[in-house]
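A structural walkthrough
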Amino acid sequence: MTSTTLAPSRALQLKASTADVHDNIDKSIMDKDPFANTENYIQFLTLQYYFLNDVSALYDHSELNMVIENLAARRRLNMLEQDFQDLEYPVPASAFTSLISNETDLATALGWLYVVEGSKVGAAMLGKQAQARLLLTKKYGARYLSGPGAGRGSDWRHLVQLIDSIELNDTQERALINGARQAFTRFQLFQAHVYS
């Protein structure tokens with residue numbers, strides 16, 4: 001009798017390939033205690049704004065839009081802008097030039113999107129902290145953490161299914177992982193800028 005060992009799904013391989021930098025980011029964010037007070041929370045929102053503004057081209061990316069039908073509806077940048085308005089704080093101005101455009105190849109863009117959309121999964125827990133510690137809600141000050149619509153979980157599952165099922169050659173497989181790692185590294189750049 002022979003046994004076959006199934007290779008982990010591409011999404012699981014992507015998760016494993018980015019676990020080091022992802023864990024580092026999660027820890028460093030929580031070390032800043034973003035819900036300790038309004039000032040800390042504004043810094044947290046500023047960091048999120050820099051990143052989401054930087055990757056906004058993903059949601060207009062023509063190839064991604066061909067494989068993800070509700071991509072434009074997943075955008076959260078406007079929610080962040082409303083959070084700043086709620087808190088009577090100006091929307092930050094970013095001097096950074098985005099690395100993502102419509103010219104970014106599909107596999108790389110999909111790697112970046114994996115990181116951006118993955119951040120929604122943990123946002124529910126952060127939203128509970130914002131409500132408990134700062135009395136902010138999905139209707140005031142913590143819209144961004146609530147996310148668009150009610151389909152956060154199903155949107156994530158569909159993205160993971162797409163990553164697992166889309167046809168990629170070896171070069172594109174590497175581009176997918178490199179894109180995700182680039183996105184995490186870019187987020188770290190913004191962290192260093194905000195918390196300098």
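**A short note on the overall build of the protein chain**
Each helix and strand counted, the protein chain has eight helices and zero strands in total. Going from N to C terminus, the protein chain has its helices and strands arranged as α-α-α-α-α-α-α-α. Over its C-alpha trace the protein chain gives a radius of gyration of 17 Å, about what one expects of a compact globule, namely 16 Å for 196 residues. Referenced to the eigenvectors of the C-alpha coordinate spread, the extents of the protein chain come out at roughly 65 × 40 × 35 Å. Scored against the burial criterion, the 196 residues of the protein chain give a buried share of 43%. Contacts spanning at least 24 positions in sequence make up 84% of the contacts within the protein chain whose residues lie at least 6 apart. Accessible surface for the protein chain amounts to roughly 10600 Å². Of this, 52% is attributable to carbon and sulfur atoms. Within the protein chain, the 22 negative side-chain charges are centred at a point lying 6 Å from the centre of the 18 positive side-chain charges.

**Description of the packing of aromatic side chains**
Working definition: an aromatic ring pair is given by the centre-to-centre distance plus the angle between the planes. Applying the stated criterion across every chain yields a total of ten aromatic pairs. Between Tyr49 and Phe84 the ring centres are 6.1 Å apart and the planes differ by 85°, which places this aromatic pair in the edge-to-face class. Of the two residues, Tyr49 sits in helix α2 (residues 38-54) while Phe84 sits in helix α4 (residues 77-86), which places them 35 residues apart along the sequence. The pair formed by Tyr49 and Phe84 is uniform in burial state, with each residue classed as buried. Measuring from centroid to centroid gives 5.5 Å for Tyr114 and Trp156, while their planes differ by 40°, and the two rings are tilted.

**Re the pattern of salt bridges**
A complete count under the given rule lists ten salt bridges for this structure. Ionic pairing is found between Arg75 and Asp60, a salt bridge with its closest N-O pair at 2.7 Å. Separated by 15 residues along the polypeptide, Arg75 in the loop between α3 (62-67) and α4 and Asp60 in the loop between α2 and α3 bring together distant segments of the chain. For Asp155, the salt bridge identified is with Arg74, shortest N-O distance 3.8 Å. Placement of Asp155 in helix α7 (residues 152-165) and of Arg74 in the loop between α3 and α4 is noted, with a sequence separation of 81 residues between them. Across the pair, exposure class does not vary: Asp155 and Arg74 are buried alike.

**Quick notes on the packing of α2 against helix α8 (residues 170-194)**
Between α2 and α8, the shortest axis-to-axis distance is 9 Å and the interhelical angle comes to 140°. Relative to α8, the element α2 lies oblique. When the axes of α2 and α8 are compared, the crossing they make is right-handed. Contact with α2, carried on its side by Gln43, Thr46, Leu47, Gln48, Tyr50, Phe51 and Asp54, involves Ala183, Arg186, Phe187, Phe190, Gln191, His193 and Val194 of α8 and no other residues of that element.

**A look at the nonpolar core**
Counting residues in hydrophobic clusters, the biggest one holds 58 residues, and the most contacted among them are Tyr41, Phe51, Leu58 and Leu145. For this core, the secondary-structure elements that each account for two or more residues are α1 (10-31), α2, α4, α5 (106-134), α6 (143-146), α7 and α8. In terms of residue count, α5 provides more of this core than any other element does, 13 residues in total.

**A word on unusual backbone geometry**
For Glu88, which is not a glycine, the phi torsion comes out positive at approximately 55°. Mapping Glu88 onto the fold places it in the loop between α4 and α5. What makes Glu88 exposed here is its relative accessible area of 74%. One non-glycine residue, Leu135, adopts positive backbone phi at about 60°. In this structure, Leu135 sits in the loop between α5 and α6.

**What about the side chain of Asp86?**
Of note, Asp86 is situated in helix α4. Asp86 sits in the buried class, given a relative accessible area of 16%. Here Asp86 is in contact with Lys139, Tyr140, Gly141 and Arg143, once residues within four sequence places are set aside.

Definitions and cut-offs
- Residues numbered from 1 in each chain as written.
- Predicted model: local features only at pLDDT ≥ 70, side-chain atom pairs only at ≥ 80, totals over all residues.
- Heavy atoms only, no water.
- Helix = DSSP H or I, 4+ residues; strand = E, 2+ residues; numbered from the N terminus.
- Rg over C-alpha atoms; globule rule 2.2 N^0.38 Å.
- Buried < 20%, exposed > 50% of the residue type's maximum accessible area, 1.4 Å probe, protein only.
- Contact = heavy atoms within 4.5 Å.
- Areas by Shrake-Rupley, 256 points an atom, 1.4 Å probe, with all protein chains shown as cover.
- Lys, Arg positive; Asp, Glu negative; His and termini not counted.
- Charge placed at Lys NZ, Arg CZ, Asp CG, Glu CD.
- Phe/Tyr/Trp six-rings, centres within 6.5 Å; stacked < 30°, edge-to-face > 60°.
- Salt bridge = Lys/Arg side-chain N within 4 Å of Asp/Glu carboxyl O.
- Axes fitted to C-alpha atoms, helices over the stretch in contact; angles between N-to-C directions.
- Parallel < 35°, antiparallel > 145°, perpendicular 65-115°, else oblique.
- Left-handed = near helix turned anticlockwise from the far one by under 90°.
- Core = buried A, V, L, I, M, F, W, Y, C linked by side-chain atoms within 4.5 Å.

By themselves, these are just geometric observations and shouldn't be taken as functional.
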